[in-house]
Every structure is written in C-alpha cells, then in structure tokens.
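Observations on the three-dimensional arrangement
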Amino acid sequence: MKKTIVTVLVFLTLFSCKNETEKTAENSKTEFAKFSPEVEESAVIYEVNIRQYSPEGTFNAFTKDIPQLKELGVKIIWVMPIFPISQTKRKATGGDDSKFVSEMPEAEQHKYLGSYYAVSDFKKVNPEFGTIDDFRNLVKTAHDNGMYVILDWVPNHTGWDHVWIKEHPEYYTKNEKGEIIDPINPETGKSWGWSDVADLNYDNQGLRKEMTSDMLHWIKNENIDGFRCDVASNVPLDFWQQAIPQLRKEKDIFMLAEAWEPELLKDGLFDMAYGCMNQMIF
C-alpha cells in the first residue's frame, strides 16, 4: 500500500510539473507575441527576398542565418511574398515594353520566374521556396531568437489564375463589357501597367470577408506577427477599418503600410507606413 501511495504521489507531482511547464511555455509564447510602441519604434526591420537571399533560394537556407541576424540587432523579419506565383500572364520583363512568359521562346520560358505580387493562392507557399513546414520552422526559429515575422501581403489584386477568378468573378473590377481588368490609376483613369494581375473590387462584401479570413489564417495557423501591406492606400480605408480590428483580436500584431496617407495611421490601424522614398512614418 505504501508503495502504491508513493507511486501515485510521484505521478501527480510529475503531472503537475508537466502542466506547469506547458503553462509556462504558453505564457512565454503569449507574452513574446505582444508588440509595444517601444519595441516598434526602436526595432530593426530586415526585409528578406527568399529567392535572392541564397543560391538555394529556400526557407531553410534563410532560417539557418537567423541567429546571425539576431546578433546584428534585427528584431522584425519582413518576408517578401511567399505565395505561389500566377502562371497565367506571368511577366518575363518589366517596364513599358514588358512581355509575358508565353511570348518568349518555349525553350527559354523556364528562366522567367514572374512577380511575387501576382499571387495565385493566399493560403499556400511557393514550392520553389520549400514546404509549409519549412516556413513554420522559419517562424519558430525567429521566435526562439526573440524576433518577429511579418508577411508581405498583396490585398489590391491577384494573379490571373487565382481560384477567385473562376469561383468568384464578382470579386473583381470589370469594364463596361463585363471583363475583369488590371488595376487602374484613379488619377488618370488608365492602367498602371500591372497587366499580370487582376484588380480586386472592394465594393463586394464577400471579397472583404475572404481577404480578412485569409489574413487571419496566417495569424491563427502559422503564428506570424503581422503584415507589410502592398499598395495599402489603393485599398479602401474602410476595409482596413473593418479588417485590422479583427486581426488584432487574435494577436498583438505589427502592421506596416506601403503608403503615405496619414489616415492609415489613425485609430489603431497601421503602426507604421512608408512612401516611395522608403521613409518610415510613425
């Protein structure tokens, strides 16, 4: 009987310790995820282009260097878009005389990778970089080193083979013929020249819900710490007023806008913004 009591006590003690360890780990994770104005204003932000970072061009090749980035004082890692790139209308060259990959000789087409900003799926990773588990390891390694990870997000448009093109054409801006169009410069009424992407129409409430849901996916399931939002000012302000509070309910995140409009920095929306000259605005 004494042996049984001792065994039970030992088990309960170990079980209790295990629970305390798990609680401590959870509390540590929760506390780490909190941003504060002090952290934001003094943090070094490192932008990484996974494809060009290393000869391998993979998540794993970058992840192994994260401890060294910590030594350099980096606090926030901004990862350029990691999503699959649209094959349809994929650009081979930029500028006014840009050409599509499909216009190049077939034997040469594999050399042209296209733009990160022509996204074909907001919830998947580009297999060129590795797997979702590789990305999760990148995030975990960053967190283990006291660093945060924000994703480059493209809310203004998608690639031409995004699933929404077929399933939800109502999510897109259309011309008088009912054809989906690329983004238009509101000042000139003409195309920006971003012909490899299709313009999203934020008058559609379904789109707003889907876009917010896809952003929440990366916070809830992949534990990222925020977003750098591409051409944030091209998206209606009231979308950000709807979406960002929902994102912040899940986690204390860092929001960085590619924009200069001061209204994006009001009322708990974006934490920082920068314009074409890459000048940060707090």
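This text follows the structure it describes.
Below or above, wherever it landed, is the structure these notes cover. Here the structure is a predicted model, which is why all the values come from computation and not from measurement.

Structural notes on the nonpolar core
Side chains of nonpolar character tend, in soluble globular proteins, to be buried together. One finds I82, W218, F227, W240 and F270 to be the most contacted residues of the largest nonpolar core, which totals 70 residues. In terms of residue count, helix α8 (residues 205-220) provides more of this core than any other element does, six residues in total. Residues in contact with I82, not counting those within four places in the same chain, are F59, K124, V125, N126, F129, F135, L151 and W218.

Looking at helix α6 (residues 132-144)
Each α-helix winds once per 3.6 residues, and so residues spaced three or four apart point in a common direction. The end-to-end C-alpha distance of α6 is 18 Å, a good match for the 18 Å that 13 residues give at a rise of 1.5 Å each. For α6, the full list of buried residues reads D134, F135, L138, V139, T141, A142 and H143. Immediately beyond the C-terminal end of α6, within one or two residues, lies G146, with a positive phi of roughly 70 degrees.

Focus: the packing of aromatic side chains
Ring pairs (aromatic) are described by centroid distance and by the angle formed between their planes. Tallied over the full model, the rule gives 17 aromatic pairs. Seen in terms of ring centroids, Y53 and F62 are 5.0 Å apart; in terms of plane orientation they differ by 85 degrees. Their pairing is edge-to-face. For Y53, a relative accessible area of 27% translates into the label partly exposed. Judged by relative accessible area, which is 0%, F62 ranks as buried. For the pair W78 and Y274, a centre-to-centre distance of 6.0 Å together with 50 degrees between the ring planes defines the contact as tilted. Taken as a pair, W78 in strand β2 (residues 74-79) and Y274 in strand β10 (residues 272-274) lie far apart in primary sequence, 196 residues in all.

How each quantity is defined
Counting from 1, residues in each chain are numbered in the order their sequence is written. Two thresholds apply to this predicted model, a pLDDT of at least 70 for residue-level local features and 80 or more for giving and counting side-chain atom pairs, whereas whole-chain, interface and lining totals are computed over all residues. Heavy atoms throughout the structure, all of them, feed into the side-chain values; hydrogens and water do not. For this analysis, a nonpolar core means a set of buried residues of the types Ala, Val, Leu, Ile, Met, Phe, Trp, Tyr and Cys, connected via side-chain atoms within 4.5 Å. Per-residue accessibility, obtained with a 1.4 Å probe over protein chains only, is compared with the maximum for each type, and a residue is labelled buried under 20%, exposed over 50%, and partly exposed between these values. Secondary structure elements are defined from DSSP: runs of H or I of at least 4 residues count as helices, runs of E of at least 2 residues count as strands, and each element is numbered from the N terminus. Contacts are assigned to residue pairs that have any heavy atoms within 4.5 Å of one another. In a helix, the anticipated span is given by 1.5 Å times the number of residues less one. Ring pairs shown here join Phe, Tyr and Trp side chains whose ring centres sit within 6.5 Å, with only the six-membered ring taken for Trp; geometry is labelled stacked below 30 degrees between planes, edge-to-face above 60, and tilted in between.

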